[in-house]
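Residue-level listing of the chains:
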Number of protein chains: 2
Amino acid sequence: MTLQKLTAQEQAEALTQLQDWSLVDGREAIKRTLTFKDFNAAFGFMTRVALYADKHDHHPEWFNVYNRVEVTLATHDVQGLSIRDVKLATFINEIYHQ
Amino acid sequence: MTLQKLTAQEQAEALTQLQDWSLVDGREAIKRTLTFKDFNAAFGFMTRVALYADKHDHHPEWFNVYNRVEVTLATHDVQGLSIRDVKLATFINEIYHQ
């Protein structure tokens, strides 16, 4: 099955479900900023996301400084958001709350 | 010994020596963009830098998307550049060329 771009309604539902994520201004992408105890914890989180990302061949755009990580998700192949972004954001939420 | 901010001359010498690094507009910081074969290689590089950073308690600001990593270095404690940035940039250069 070809990867589909989320419809406006699916996008709205996904944002409600994901919480803490918001649309990026001027782009069909979602973002979330996460903070940790220190760099060690932040990079530990990034490593878990990296393993997920490489396994699923769907990678974040992200910025890190010390204990802060800003994650942006979008799907290049659909020029917008897809189920892959929702799944990756869900994974990020899950491990962030652990 | 207290950490010292690099003098203008030391800064210029460091940039000459480091190559491929440049000053960030409007900030006393240096930056370099590095590209890799794929995300796996880029994150492998980031992991080596993270281990160095945590060991030396001197951390980069960095952005990653897929195979590209943009690194910015500065030393908060001196509000500018210090020998710690030169050492971290040198380490990054070394492992990038491996």
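For clarity, every value in this text was computed on a predicted model and none was experimentally measured.

A. The arrangement of unusual backbone geometry in detail. Even without glycine at this site, A:Asp57 takes up a positive phi of about 50°. Relative to the helices and strands, A:Asp57 resides in the loop between helix H2 (39-56) and strand E3 (61-65). With relative accessibility at 54%, the residue A:Asp57 sits in the exposed group. The backbone phi angle of B:Gln19 is positive, close to 55°, even though this residue is not glycine. Within the secondary structure layout, B:Gln19 lies in the loop between helix H1 (8-18) and strand E1 (22-23). What makes B:Gln19 exposed here is its relative accessible area of 52%.

B. Structural view of helix H3 (residues 83-96) of chain A. Residues and elements named next belong to chain A. If you check H3, its first and last C-alpha atoms are 20 Å apart, about what 14 residues at 1.5 Å a residue would give, namely 20 Å. Along H3, the positions that sit buried rather than exposed are Asp85, Val86, Leu88, Ala89, Phe91, Ile92, Asn93 and Ile95. Those residues of H3 that are buried lie in contact with helix H1 (8-18), strand E2 (30-35), H2 and strand E4 (68-73).

Conventions used here
All chains use their own residue numbering, which begins from 1 and follows the written sequence. A letter from A marks each chain and a number from 1 marks each ligand, given out in the order of writing. Per-residue local features of the predicted model are confined to residues with pLDDT of at least 70, and side-chain atom pairs are confined, for both listing and counting, to 80 or more; whole-chain, interface and lining totals are unaffected and use all residues. Think of the side-chain values as coming from all heavy atoms in the structure, minus any hydrogens and water. Each helix is a run of H or I in the DSSP string that is no shorter than four residues. Each strand is a run of E no shorter than two, and both are numbered from the N terminus. With a 1.4 Å probe rolled over the protein chains alone, any residue whose accessible area is under 20% of its type maximum counts as buried; one over 50% counts as exposed, and the rest are partly exposed. Here the expected span of a helix is defined as 1.5 Å times the quantity of residues minus one. By the convention used here, residues are in contact when the closest approach between their heavy atoms is within 4.5 Å.

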